[in-house]
Amino acid sequence: MIREIREADFDGLMRLYSQLHHDPIPERNETVNHLWSKILGDSDHHIIVAEEGGKILSSCVCVIVPNLTHGQRPYALIENVITDEAHRGKGLATQCLHYAREIAVRENCYKLMLLTGSKKESTLNFYRKAGYNSEEKTAFIQWL
């Protein structure tokens, strides 16, 4: 099942995210709980998950960004694309990305963007197959 995150999904999402950057699962403290509530309450912040058997196996984030150009149409940014290592190659991330695209279309976005730090050809081909291209724009990042 592909759906948006629910409040009770925190632990499952954090277990999946621990594979993304090999970060430890954060302790549920006041700061983390506030951030989680803020994300859940933001109508422009969508955490999309693929769930099977009650377990979150894949996810991506889609953020809608208001914009004053392109006829005041917003754009969407995709981040944190991840599938559980034991469940890759089943199309779960592709389904999450399609769901994100549906949100972007519904919100009248003029474009959908994502960045990846991966240099692996298989990852780049995955994004190309999902409809993204790397020919039209150049991305720069400044880490803070």
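Computed from a predicted model, the values in this text were never measured in an experiment.

The rules behind these values
Residues numbered from 1 in each chain as written. Predicted model: local features only at pLDDT ≥ 70, side-chain atom pairs only at ≥ 80, totals over all residues. Heavy atoms only, no water. Core = buried A, V, L, I, M, F, W, Y, C linked by side-chain atoms within 4.5 Å. Buried < 20%, exposed > 50% of the residue type's maximum accessible area, 1.4 Å probe, protein only. Helix = DSSP H or I, 4+ residues; strand = E, 2+ residues; numbered from the N terminus. Contact = heavy atoms within 4.5 Å. UniProt positions renumbered as here; feature names shortened; annotations may be inferred. Pairing = 2+ DSSP bridges. Axes fitted to C-alpha atoms, helices over the stretch in contact; angles between N-to-C directions. Patch = residues over 30% accessible without salt bridge, like charges linked within 9 Å, V, L, I, M, F, W, Y side chains within 5 Å. Areas by Shrake-Rupley, 256 points an atom, 1.4 Å probe, with all protein chains shown as cover. Salt bridge = Lys/Arg side-chain N within 4 Å of Asp/Glu carboxyl O. Phe/Tyr/Trp six-rings, centres within 6.5 Å; stacked < 30°, edge-to-face > 60°.

*Asks:* How should the nonpolar core be read in this particular structure?
*Replies:* Nonpolar side chains in soluble globular proteins tend to be buried together. I48, C60, C62, I78, V81, L97 and Y132 are the most contacted members of the largest nonpolar core, which totals 21 residues. Those elements that provide at least two residues to this core are strand 2 (45-52), strand 3 (55-65), strand 4 (75-83) and helix 3 (92-106). The dominant element in this core, judged by the number of residues it contributes, is helix 3, at 7 residues. Ignoring anything within four residues of it in the chain, the contact list for I48 reads I2, R3, E4, S58, S59, C60, C62, C96, Y99, A100 and I103. The next biggest cluster of nonpolar side chains, apart from the first, holds 14 residues, and it includes M14, I47, I56 and I82.

*Asks:* Where do I start with the UniProt feature "domain: N-acetyltransferase" (unreviewed entry) in the protein chain in this structure?
*Replies:* Taking the numbering used here, the UniProt-annotated feature "domain: N-acetyltransferase" (unreviewed entry) corresponds to residues 1-144. When the span residues 1-144 is considered, its composition is 31% helix and 24% strand, and the gap between its end C-alpha atoms is 36 Å.

*Asks:* What am I meant to see in the sheet that holds strand 1 (residues 2-4) here?
*Replies:* Two strands in a sheet stick together by hydrogen bonds in their backbones, pointing the same way (parallel) or opposite ways (antiparallel). Pairing in this open sheet of 5 strands is mixed, and the strands run 1-2-3-4-5 from one edge to the other. A strand with exactly one partner marks an edge of an open sheet, and here the two such strands are strand 1 and strand 5 (112-114). Recorded for the sheet is a direction-independent mean angle of 30° between the axes of neighbouring strands. As paired elements, strand 3 and strand 4 share 7 bridges and run antiparallel to each other. Paired with V63 across the two strands is L77, which belongs to strand 4.

*Asks:* Sorry if this is basic, but what is going on with a nonpolar patch on the surface here?
*Replies:* Together, L115, I141 and W143 make up a nonpolar patch on the protein surface, roughly 390 Å² of accessible area in all. Within the secondary structure layout, I141 lies in the segment after helix 4 (121-129).

*Asks:* Sorry, what's going on with the packing of aromatic side chains here?
*Replies:* Pairs of aromatic rings are described using the distance from one ring centre to the other and the angle between the two planes. Applying the stated criterion across every chain, the model contains 3 aromatic pairs. Centroid distance F10 to W36: 5.2 Å. Interplanar angle 70°. Geometry classified as edge-to-face. Note that F10 is positioned in helix 1 (residues 10-17) and W36 in helix 2 (residues 30-41), a separation of 26 residues in sequence. A relative accessible area of 5% means that W36 is categorised as buried.

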